Amino acid sequence: MAWVLLIVAGVLEVAWSIGMKFTDGFTRLWPSVLTGLGIVGSMVLLAQAAKTLPIGTAYGVWVGIGAAGTAVVGMLVLNEPVTAARIFFVCLLLVAVVGLKATSGH
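Residues numbered from 1 in each chain as written. Predicted model: local features only at pLDDT ≥ 70, side-chain atom pairs only at ≥ 80, totals over all residues. Heavy atoms only, no water.

Q: Please provide a residue-by-residue account of the UniProt feature "transmembrane region" (unreviewed entry) in the protein chain, values included.
A: When the UniProt feature table is mapped onto this chain, "transmembrane region" (unreviewed entry) is found at residues 27-47, 59-78 and 84-103. Taken end to end, residues 59-78 is 95% helix and 0% strand, and its two terminal C-alpha atoms sit 26 Å from one another. (UniProt positions renumbered as here; feature names shortened; annotations may be inferred. Helix = DSSP H or I, 4+ residues; strand = E, 2+ residues; numbered from the N terminus.)

Structural data, given as structure tokens:
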């Protein structure tokens, strides 16, 4: 169950990271509220997952999902540059996340 919580926490991290783009420096009410809820939800789920998973693994996977997911959404939805180098490094992040999962002992 901890892994499911961690994955959902990572997806929420992607959501709030992308959400910050729409807050206009936290001056727009509803995008700011939704982004804030995403931050809180992501942190709460990360904390729950870290009760049973090693913190280094949990945090590393959370950050990896967030960074890779945000980069991919940025490229697909926000018209950020799509280059071979960016795709390569996103793949490296995903390899690292899988590696942390595989070596966590859980």
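Q: Can you lay out the pattern of salt bridges for me, pointing to particular residues and giving the numbers?
A: A side chain with one charge can pair with a side chain of the opposite charge if their charged atoms come near. According to the stated counting rule, one finds 1 salt bridge in the structure shown. Note that Arg-86 and Glu-80 form a salt bridge whose closest N and O atoms lie 3.7 Å from each other. On the basis of relative accessible area, Arg-86 is assigned to the partly exposed category, the value being 27%. (Salt bridge = Lys/Arg side-chain N within 4 Å of Asp/Glu carboxyl O. Buried < 20%, exposed > 50% of the residue type's maximum accessible area, 1.4 Å probe, protein only.)

Q: Report on helix H1 (residues 2-21), specifying residues and quantitative values.
A: Given a rise of 1.5 Å per residue, 20 residues ought to cover 28 Å, and the 29 Å separating the end C-alpha atoms of H1 matches this to within 8%. Every buried residue belonging to H1 is among Ala-2, Trp-3, Leu-6, Ala-9, Gly-10, Glu-13, Val-14, Trp-16, Ile-18 and Gly-19, and all of these are buried. Buried positions along H1 lie against helix H2 (29-49), helix H3 (55-77) and helix H4 (84-102). (Expected span 1.5 Å × (residues − 1). Contact = heavy atoms within 4.5 Å.)

Q: Now, about the packing of aromatic side chains: what can you tell me, with residues and values included?
A: Enumeration over the complete set of coordinates arrives at 2 aromatic pairs. Seen from their ring centres, Tyr-59 and Trp-62 are 5.6 Å apart, and the 40° between their planes marks the pair as tilted. Of this pair, Tyr-59 and Trp-62 are both found in helix H3, 3 residues apart, which corresponds to roughly one turn of the helix. Since its relative accessible area comes to 46%, Tyr-59 is described here as partly exposed. Classification of Trp-62 by relative accessible area gives buried; the value is 5%. (Phe/Tyr/Trp six-rings, centres within 6.5 Å; stacked < 30°, edge-to-face > 60°.)

Q: I'd like to hear about the side chain of Ser-42, residue by residue, with values.
A: On the secondary structure map, Ser-42 appears in helix H2. For Ser-42, the side chain forms a polar contact with the main-chain oxygen of Ala-9, separated by 2.8 Å. Once residues within four sequence positions are removed from consideration, Ser-42 is found in contact with Ala-9, Leu-12, Glu-13, Trp-16 and Trp-62. (Polar contact = N/O pair within 3.5 Å; in protein donor to acceptor, adjacent residues only side chain to side chain.)

Q: Quick rundown of H3? Include the residues and the values.
A: The first and last C-alpha atoms of H3 sit 32 Å apart over 23 residues, in line with the 33 Å expected at 1.5 Å per residue. Check the buried side of H3 and you find it contacts H1, H2 and H4. At the C-terminal side of H3, Asn-79 shows a positive phi close to 60°.

Q: How would you explain the side chain of Glu-13 if you had to name every residue and give the values?
A: Tracing the chain through its elements places Glu-13 in helix H1. Although buried, Glu-13 forms no salt bridge, and the nearest oppositely charged side chain, Arg-86, lies 14 Å from it. Excluding residues within four positions of it along the chain, Glu-13 makes contact with Ser-42, Trp-62, Val-63, Gly-66 and Thr-70. (Lys, Arg positive; Asp, Glu negative; His and termini not counted.)

Q: If you had to explain the environment of Ser-104 to someone new, which residues and values would you point to?
A: Secondary-structure assignment places Ser-104 in the segment after H4. Under the relative-accessibility criterion, Ser-104 is labelled buried at 11%. On a C-alpha basis, the gap between Ser-104 and Ala-58 in space is 9.1 Å, while along the polypeptide they are 46 residues apart. Once residues lying within four places of it in the same chain are set aside, the contact partners of Ser-104 are Trp-3, Pro-54 and Thr-57. Within the structure, the side chain of Ser-104 is placed 3.1 Å from the backbone oxygen of Lys-101, a separation counted as a polar contact.

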